Amino acid sequence: MLPFTVNLVAALAAVTFLRPSIAHPTTEYKRAANVIRDCVEPNAVALTFDDGPYIYMEDICNTLEAAGAVGTFFVNGNNWVCIYDDDAANRVKYAYAHGHQLASHTWRHANLTQLGWDDMHSEFWRVEDALLKIIGVMPAFVRPPYGLYNDLVREVAGLRGQTIILWDFDSGDTVGLPVDQQIQQYGQVSQSRPVNLLPINHETSETTAHEVIPYALNVLKSAGYKFVTLAECLGMPAYQFVIPPAQRDASWTCS
């Protein structure tokens, strides 16, 4: 099999929902993905949410919309829920229709640094396939589970045309800090007033959705920040390409 360039990967994915069995590229075609930890847009906050599409996604979307804000959701395929379940797929459609950005958190929330070439491509491809089917978008950004990556992860992400996204602020829901401490973290960062902010949150946490995020929106807005998508905070396209979504069929399964 001939090695793929990023553009060819995108073109084939649009037509065939690219399968993960890609020959390892020659050195000439290795383009390791960039790793980004912070925004470039001044005075901007790009709120990001991992591990969905979970039951609080629509609540978060509505809270953001009420504050005149948008967010970015890094979704898994089969972690807390199966992305193809009716409710989960409808949440993805809801977020996209309300102006929020969707990005990849890979399929099973596996530690990518422990996977080989083919298994890693499968983790990427199955989420890409789902997002193409459900809303017709090919993600341009991926957040590796646990924020862990190595050279091989960068090669695979780069070959698939995606930029690796980390974060520069964590309120503590990642490690289960009490709500009052998470709120305190957002209060402190708003007072320190960094030029911009790229926070990580988890939409699977009820208190994040219903207590921490409403507070964060209020305190950061009071500090003079504007709320943008990840793509807007980086000045980059949100998606590699957009096509018409597919009709549900037997392939919409996590089996």
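For the structure itself, consult the block above.
Keep in mind that what you see is a predicted model, and the values were worked out from it rather than measured.

## Quick notes on the overall build of the protein chain
Okay, step 1: Helix and strand content of the protein chain: eight helices and 12 strands.
Okay, step 2: By the burial criterion, 55% of the 255 residues in the protein chain qualify as buried.
Okay, step 3: In the protein chain, of all internal contacts separated by at least 6 residues, the share reaching a separation of at least 24 is 79%.
Okay, step 4: Roughly 10,600 Å² of accessible area belongs to the protein chain as shown, and the carbon and sulfur atoms make up 51% of that amount.

## Some points on unusual backbone geometry
Okay, step 1: In this model, Gly52 is joined to Pro53 through a cis peptide bond whose omega is 10 degrees.
Okay, step 2: Looking at the element boundaries, Pro53 is found in the loop between strand 3 (48–52) and helix 2 (57–66).
Okay, step 3: The phi dihedral of Asn43 falls on the positive side, at around 65 degrees, and the residue is not glycine.
Okay, step 4: Positive phi, normally seen in glycine, also occurs at Thr106, with a value near 70 degrees.
Okay, step 5: Residue class for Thr106 comes out buried when judged on its relative accessible area of 0%.

## A closer look at the environment of Pro53
Okay, step 1: Overall, Pro53 belongs to the buried group, its relative accessible area being 0%.
Okay, step 2: Considering only alpha carbons, one finds Pro53 and Asp87, 34 residues apart in sequence, at a separation of 9.0 Å.
Okay, step 3: If we ignore the near neighbours within four places in the chain, the residues touching Pro53 are Val75, Asn76, Val81, Ile83, Ala88, Arg91, Val92 and Glu203.

## What about helix 2?
Okay, step 1: Inspection of helix 2 places Met57, Ile60, Cys61 and Leu64 among the buried residues, and these make up the whole buried set. The buried residues of helix 2 occupy an angular sector of 100 degrees when projected down its axis, which confines them to one face.
Okay, step 2: Looking one or two residues beyond helix 2, the residue adopting positive phi is Gly68, at roughly 70 degrees.

## Overview of the side chain of Asp50
Okay, step 1: Tracing the chain through its elements places Asp50 in strand 3.
Okay, step 2: By relative accessible area, Asp50 is classed as buried at 2%.

## Looking at the state of the cysteines
Okay, step 1: Tallied over the full model, the rule gives two disulfides.
Okay, step 2: With its sulfur 2.1 Å from that of its partner, Cys82 forms a disulfide with Cys254. Because the torsion about its S-S bond is 90 degrees, the bridge between Cys82 and Cys254 counts as right-handed. Residue Cys82 is found in the loop between strand 4 (72–75) and helix 3 (86–97), and its partner Cys254 is found in the segment after strand 12 (239–242); the two are separated by 172 residues along the sequence. The pair formed by Cys82 and Cys254 is uniform in burial state, with each residue classed as buried.

## Section: the environment of Asn62
Okay, step 1: For Asn62, the position within the fold is in helix 2.
Okay, step 2: The sequence separation of Asn62 and Ala95 amounts to 33 residues, and the corresponding C-alpha distance is 9.3 Å.
Okay, step 3: Among the polar contacts made by the side chain of Asn62, one reaches the side chain of Tyr94 at a distance of 2.5 Å.

## Observations concerning the side chain of Ser205
Okay, step 1: Looking at the secondary structure, you find Ser205 in the loop between strand 10 (199–202) and helix 7 (206–222).
Okay, step 2: Taking the relative accessible area as the measure of exposure, Ser205 reaches 18% and is therefore buried.
Okay, step 3: In this structure the side chain of Ser205 is engaged in a polar contact, spanning 3.1 Å, whose partner is the side chain of Thr208.
Okay, step 4: Aside from chain neighbours lying at most four places away, what touches Ser205 is Tyr56 and Asp173.

What counts, and at which threshold
Residues numbered from 1 in each chain as written. Predicted model: local features only at pLDDT ≥ 70, side-chain atom pairs only at ≥ 80, totals over all residues. Heavy atoms only, no water. Helix = DSSP H or I, 4+ residues; strand = E, 2+ residues; numbered from the N terminus. Buried < 20%, exposed > 50% of the residue type's maximum accessible area, 1.4 Å probe, protein only. Contact = heavy atoms within 4.5 Å. Areas by Shrake-Rupley, 256 points an atom, 1.4 Å probe, with all protein chains shown as cover. Arc of directions from axis to C-beta. Disulfide = S-S within 2.5 Å. Polar contact = N/O pair within 3.5 Å; in protein donor to acceptor, adjacent residues only side chain to side chain.

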